[in-house]
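# Architecture and fold: a report
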Amino acid sequence: MTLSEQIENDIKENSIILYMKGTKEMPMCGFSNAVVQVLDHYGVAYKDVNILPDPEIRVRLSEFSNWPTIPQLFVKGELVGGADIVVEMHNKGELLAILEKAVAAEAN
């Protein structure tokens, strides 16, 4: 399986997945940390992928998503966005509904 196929498969197989610098236990940049804090606020389970060990992950991920920056949050196979968008959606109360749909789909 190529790296591109692995990324596509991971996004398809995980209801909520965050590509980030570092891990959810130890974010390595403020933007990644901001998204982790928002997701932790909701208490949802999600897969984290550290892009730092292999720079090629970032290249292939950006080719897949057409989004140049990290972090990138995907919910139910769709790109939600990076830190600014996730935090803005959280502040507007829009993110909860998206996360709840993913959690509900996971339960079924």
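Since this is a predicted model, take the numbers as computed values, not measurements. Throughout, a residue's number is its position along its own chain's written sequence, starting from 1. Whole-chain, interface and lining totals are the exception, using all residues; otherwise, since this is a predicted model, local features are given only for residues with pLDDT of at least 70 and side-chain atom pairs are given and counted only at 80 or more. Here the side-chain values reflect all heavy atoms present in the structure, with hydrogen atoms and water set aside.

### A short note on the sheet that holds strand β4 (residues 78–81)
In a beta sheet, neighbouring strands are held together by backbone hydrogen bonds and run either parallel or antiparallel to one another. Strands are labelled as partners when DSSP assigns at least two bridges between them. Where helices and strands are cited, they refer to DSSP runs of H or I of at least four residues and of E of at least two residues respectively, numbered from the N terminus. Here 4 strands make up an open sheet; going across it, the order is β2-β1-β3-β4 and the pairing mixed. Strand pairing shows two members of the sheet lacking a second neighbour, β2 (47–50) and β4, which therefore form its edges. Between one strand axis and the next, the sheet turns through 25° on average, direction left out of account. As judged from the 4 bridges shared by strand β1 (residues 16–20) and strand β3 (residues 72–75), these two strands associate in the antiparallel manner. By the bridge assignment, Tyr19 is partnered in β3 with Gln72. Whether two residues touch is decided by their heavy atoms; if any such pair falls within 4.5 Å, the residues are in contact. Orientation is described by axes fitted as lines to C-alpha atoms, over the contacting stretch for helices, and by angles from 0 to 180 degrees between their N-to-C directions. Across the sheet, helix α1 (residues 3–13) is in contact with β1, β2 and β3; its angle to β1 comes to roughly 140°. Sheet strands touched by helix α2 (residues 30–42): β1 and β3. Its angle to β1, the strand with the most contacts, is close to 160°.

### Let's talk about helix α3 (residues 55–65)
Residue exposure (1.4 Å probe, protein chains only): buried if accessible area is under 20% of the type maximum, exposed if over 50%, otherwise partly exposed. Of the positions making up α3, those classed as buried are Ile57, Leu61, Ser62 and Ser65. Summarising the axial view, the buried residues of α3 lie within an arc of 125°, below the 170-degree limit, and thus occupy one face. The positive-phi residue at the C-terminal boundary of α3 is Asn66, with phi of around 60°. The directions considered for the arc are those from the helix axis to the C-beta atoms.

### Describing the side chain of Ser15
The topology assignment puts Ser15 in the loop between α1 and β1. In contact with Ser15, not counting residues within four places along its chain, are Phe74, Val75, Lys76, Ala102 and Glu106.

### With respect to the nonpolar core
Considering soluble globular proteins, one finds that nonpolar side chains tend to be buried as a cluster. Nonpolar cores were defined as sets of buried Ala, Val, Leu, Ile, Met, Phe, Trp, Tyr and Cys residues, with membership established by side-chain atoms within 4.5 Å. Judged by nonpolar contacts, the single largest core of 18 residues is most densely connected at Ile16, Leu18, Leu39 and Leu73. Each residue touching Leu18, except ones within four places of it in the same chain, is listed here: Val35, Val36, Leu39, Tyr46, Lys47, Asp48, Val49, Pro71, Gln72 and Leu73. Core analysis: the next-biggest nonpolar cluster, separate from the first, contains 10 residues, Ile7, Tyr19, Ile51 and Phe74 among them.

### Describing the packing of aromatic side chains
Stacked, edge-to-face and tilted labels apply to pairs of Phe, Tyr and Trp rings (six-membered ring for Trp) whose centres lie within 6.5 Å, assigned for plane angles under 30 degrees, over 60, and everything in between, in that order. Applying the stated criterion across every chain yields a total of 2 aromatic pairs. Aromatic side chains Phe64 and Phe74 sit 6.2 Å apart centroid to centroid with 50° between the ring planes, which places their arrangement in the tilted category. One end of the pair, Phe64, is in helix α3; the other, Phe74, is in strand β3, with 10 residues separating them in the sequence. We classify Phe74 as buried; its relative accessible area is 1%. Ring pairs connect the aromatic residues Tyr19, Phe64 and Phe74, which therefore count as one cluster. Directly above the ring of Tyr46 sits Lys24, whose terminal nitrogen or CZ lies 4.4 Å from the centroid. Over a ring means this: the NZ of a Lys or the CZ of an Arg is within 6 Å of the ring centre and within 35 degrees of the ring normal.

### Observations concerning the packing of α1 against α3
At a minimum axis separation of 9 Å, α1 and α3 run at an interaxial angle of 65°. Two packed elements cross with a definite hand, and for α1 against α3 that hand is right-handed. Counting all contacts with α1, which are made through Leu3, Ser4, Ile7, Glu8 and Ile11, the residues of α3 involved are Glu56, Ile57, Arg60, Leu61 and Phe64. Its residues placed into classes, the contact of α1 with α3 shows 6 nonpolar, 1 polar and 3 charged. Left-handed describes a crossing whose near helix is turned anticlockwise from the far helix through less than a right angle; right-handed describes the clockwise counterpart. The nonpolar class holds Ala, Val, Leu, Ile, Met, Phe, Trp, Tyr, Cys and Pro. Asp, Glu, Lys and Arg form the charged class, and all remaining residues, Gly among them, are polar.

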